[in-house]
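Here is what each chain is made of, one letter per residue.
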There are 2 protein chains.
Amino acid sequence: MTLENISCQKSFGGWHKRYRHRSSTLNCDMVFAVYLPPQIEQGEKLPVLYWLSGLSCTDENFMQKAGAQRMAAELGIVIVAPDTSPRGAEVPGDPDGGWDFGHGAGFYLNATQAPWAQHYRMHDYVVHELPALIEASFPVSEQRGISGHSMGGHGALVCALRNPGRYRSVSAFAPICNPMTVPWGEKAFSRYLGEERSQWRAWDASALLAEATERLSILIDQGDRDDFLITQLKPETLEAAAKASSHPLTLRRQAGYDHSYYFIASFIEDHLRHHALALGRSVD
Amino acid sequence: MTLENISCQKSFGGWHKRYRHRSSTLNCDMVFAVYLPPQIEQGEKLPVLYWLSGLSCTDENFMQKAGAQRMAAELGIVIVAPDTSPRGAEVPGDPDGGWDFGHGAGFYLNATQAPWAQHYRMHDYVVHELPALIEASFPVSEQRGISGHSMGGHGALVCALRNPGRYRSVSAFAPICNPMTVPWGEKAFSRYLGEERSQWRAWDASALLAEATERLSILIDQGDRDDFLITQLKPETLEAAAKASSHPLTLRRQAGYDHSYYFIASFIEDHLRHHALALGRSVD
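Residues numbered from 1 in each chain as written. Chains lettered and ligands numbered in written order. Predicted model: local features only at pLDDT ≥ 70, side-chain atom pairs only at ≥ 80, totals over all residues. Heavy atoms only, no water.

**Student:** Explain the packing of aromatic side chains to me, using residue names and the numbers behind them.
**Tutor:** Summed over the entire model, instances satisfying the criterion amount to 34 aromatic pairs over all chains. Aromatic side chains F173 of chain A and F263 of chain A sit 5.7 Å apart centroid to centroid with 85° between the ring planes, which places their arrangement in the edge-to-face category. One end of the pair, F173 of chain A, is in strand β7 (residues 169–173); the other, F263 of chain A, is in helix α9 (residues 261–278), and 90 residues separate them in sequence. Take F173 of chain A and F263 of chain A: they sit in the same class, and that class is buried. Taking the centre distance of 6.0 Å and the plane angle of 75° together, the rings of W116 of chain B and Y120 of chain B count as edge-to-face. By way of ring pairs, the aromatic residues W51, F62, F173, Y257, F263 and F267 of chain A are connected into one cluster. Positioned over the ring face of W203 of chain A is R162 of chain A, at 3.6 Å from the centre of the ring. A cation over a ring is seen here: R191 of chain B above F101 of chain B, with NZ or CZ 4.9 Å from the ring centre. (Phe/Tyr/Trp six-rings, centres within 6.5 Å; stacked < 30°, edge-to-face > 60°. Helix = DSSP H or I, 4+ residues; strand = E, 2+ residues; numbered from the N terminus. Buried < 20%, exposed > 50% of the residue type's maximum accessible area, 1.4 Å probe, protein only. Lys NZ or Arg CZ within 6 Å of the ring centre and 35° of its normal.)

Right under this line is the structure:
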């Protein structure tokens, strides 16, 4: 578990750092980013919010565009942003060269099918290997929150729902709520998991929510001018599942907003406050 | 003066829009971005902050990475971000393919030398053509502020110092303070303006400040871990000029910060408040 620091930049009194390491889960080298707020130097162990980005992103998009560091610095929350898939020449990508499968499109699941299963195990990387590495390397607590956008919103919901007790808080921006039934999900799941659709339910937030035992309060923001809203995201499916099982879900439909980081930046403060409350940070 | 709207995205209750238009000053098509805060729909004419970006940037870098929209929305300030040079196949670029001259490196001056003089007139574009277009097309007042980063910080200072009365406020992040004497400036000025160095003084903030008649208070932030600080930026030259002429200058050396947008984002709120005060907006 050797971490190679590849950059370090001061931001809002704290530090934005990028690291490379060998992932034994993914069988490749990985890069992640971490934002360490100024409180990190005061000896207190801080909670960590894991941020999962969407299709075609890396660790950089969120850190550069979401404007999250300001509130993370104020609230004393560490943010960790992994990449969105295994990477490198040894990792097979989309044979058709698509941007919605393979590199940049790991879908935060554990693939079962050849040739994907050897590398595409982003669920185990995000839920187990990366937190173990973070908690061994930085002065952080084991209090974890998780959030993400689009494919990463799906990832955040699925990671939280599959692992009761592991996260104190969860939220998402424009998540893919019912991947089993939409083109992005069908393409990825049929390859990573095979054609047997009964196997897909374990990676679908709407299916998982219907059977959830833990009552973790979910915050979701969704723009109503999002081009992917109807065809790919389907928040109404998650809303129905939450209603049927009386699961606490706050789904805010934001008038006029699209799928971009301008949308995320507009509401990231609310999400950080949502996580801070559950993670025991003081919220004014 | 026809504006073609090429995108529109909601951001912090306002709108981030991009436009293409034919520039008669630059003899090419140009793209700029504008952030219209929510107050724009309330009938009041709002002031405009012009943001000039640095080498190799376009209108997009600042809007995506600086996180300025939050405070612009709170304070009711319009932000306009032009491109950093004339663009297009008809515009000659650096014959050596460099990123510090030509496309993306207009240096906010009016070139006098062939073949540059036909297109590279960014000063007149930023100071005259673009504000005329903005003030004719949007419900804004004629109260203007100007700011920028690196080459754009140089541009903001020079535009304000050359045009007394035209701007109510000026600030800069890590500006090139004395371009006459540094490699970036020498390369650009010798080509755009010719080898006669006496002609360069009219485009050098430190030289202009020494002779300034208007006492416009300048706010500058400069990171002390900026890789370009000593070789290219030279804030001590501007500081000396301000001291010699008793010009109001607040130069803040920010410990640990580099030249990046992480630095800009950390202090953009202070700059927006500086401009808001001078532009007559209520600052809590």
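Let us keep going from here.
**Student:** I'd like a description of the environment of N178 of chain B, backed by residues and values.
**Tutor:** All names here are of chain B. Along the chain, N178 falls in the loop between β7 (169–173) and α5 (183–192). Exposure remark for N178: the relative accessible area of 9% places this residue in the buried category. Ignoring any residue separated from it by four or fewer positions in sequence, one finds N178 in contact with D204, S206, L233, K234 and T237. Polar contacts involving the side chain of N178 include one to the side chain of T181, which spans 3.0 Å. A distance of 2.9 Å separates the side chain of N178 from the side chain of D204, its partner in a polar contact. (Contact = heavy atoms within 4.5 Å. Polar contact = N/O pair within 3.5 Å; in protein donor to acceptor, adjacent residues only side chain to side chain.)

**Student:** Can you break down the sheet that holds strand β1 (residues 4–11) of chain A residue by residue, with the values?
**Tutor:** All names here are of chain A. Ordered in space as β1-β2-β3-β5-β4-β6-β7-β8-β9, the nine strands form an open sheet in which the pairing is mixed. What marks the edges here is a single partner per strand, and that holds for β1 and β9 (249–254). For this sheet, the mean inter-axis angle between neighbouring strands, taken without regard to orientation, is 20°. Two strands pair when backbone bridges link them, and strand β8 (residues 218–223) and β9 are joined in this way by six bridges, in the parallel orientation. Bridge pairing in β9 places L219 opposite T250. (Pairing = 2+ DSSP bridges. Axes fitted to C-alpha atoms, helices over the stretch in contact; angles between N-to-C directions.)

**Student:** I'd like to hear about the interface of chain A and chain B, residue by residue, with values.
**Tutor:** Taken together, the contacts link 21 residues of chain A with 21 residues of chain B. For the pairing of chain A and chain B, the buried interface totals around 1900 Å² over both sides, and the portion due to carbon and sulfur atoms is 49%. Here the side of chain A that touches chain B gets four residues from one element, more than from any other, and that element is α9 of chain A. Of the residues contributing to the side of chain A that touches chain B, the split by class is eight nonpolar, nine polar and four charged. (Buried area = accessible area lost by both parts, 1.4 Å probe. Nonpolar A, V, L, I, M, F, W, Y, C, P; charged D, E, K, R; others polar.)

**Student:** Lay out the relation of the copies chain A and chain B in plain terms, naming residues and giving numbers.
**Tutor:** Overlay of chain A on chain B (RMSD 0.0 Å): rotation 180°, translation along the axis 0.0 Å. Classification of the inter-copy transformation places it as that of a two-fold axis. Comparing contact sets, 100% of the residues at the interface of chain A also lie at the interface in chain B, consistent with an isologous, same-surface contact. (Least-squares fit on C-alpha atoms with pLDDT ≥ 70 in both.)

**Student:** Can you break down the confidence of the model for chain A residue by residue, with the values?
**Tutor:** When pLDDT is averaged across chain A, the result is 97; 100% of the residues are at 70 or more. We note a pTM of 0.97 for the whole complex and an ipTM of 0.96 for its interfaces. (pLDDT = per-residue confidence, 0-100.)

**Student:** Quick rundown of the UniProt feature "active site" (unreviewed entry) in chain A? Include the residues and the values.
**Tutor:** All names here are of chain A. Within this structure's numbering, the places UniProt gives as "active site" (unreviewed entry) are S150, D226 and H259. In sequence the annotated residues extend across 110 residues, while in space they remain close, none of their C-alpha pairs exceeding 10.7 Å. Structurally, the position occupied by D226 is in the loop between β8 and α7 (229–233). Mapped onto the elements of the fold, H259 is located in the loop between β9 and α9. With residues near it in sequence (within four places) discarded, H259 still touches H149, S150, A174, D226, F228 and L233. Of the polar contacts made by the side chain of H259, one reaches the side chain of S150; its length is 2.9 Å. (UniProt positions renumbered as here; feature names shortened; annotations may be inferred.)

**Student:** How would you summarise the environment of H21 of chain A if you had to cite specific residues and measurements?
**Tutor:** All names here are of chain A. Examined against the element boundaries, H21 turns out to sit in strand β2 (residues 14–23). H21 sits 16 residues away from N5 along the chain, and the two C-alpha atoms are 9.0 Å apart. Contacts of H21, omitting those with residues within four sequence positions, involve T2, L3, C28, D29, M30, F32, Y125, E129 and L133. In this structure the side chain of H21 is engaged in a polar contact, spanning 2.9 Å, whose partner is the side chain of Y125.

**Student:** So, the sheet that holds strand β4 (residues 46–52) of chain B: which residues are in play, and what are the values?
**Tutor:** Taken in spatial order, the nine strands line up as β1-β2-β3-β5-β4-β6-β7-β8-β9 (chain B) in an open sheet, and their pairing is mixed. Looking along the sheet, the strands with just one partner apiece sit at the ends: β1 (4–11) and β9 (249–254) of chain B. Recorded for the sheet is a direction-independent mean angle of 20° between the axes of neighbouring strands. In this sheet, strand β8 (residues 218–223) of chain B lies alongside β7 of chain B in parallel orientation, the contact comprising four bridges. Bridge pairing links V170 of chain B to I218 of chain B in β8 of chain B. Contacts between α9 of chain A and the sheet are confined to β1 and β2 (14–23) of chain B, with β1 of chain B contributing the most and set at about 30° to the helix. Contacts between helix α4 (residues 151–162) of chain B and the sheet are confined to β4, β6 (140–148), β7 and β8 of chain B, with β6 of chain B contributing the most and set at about 135° to the helix.

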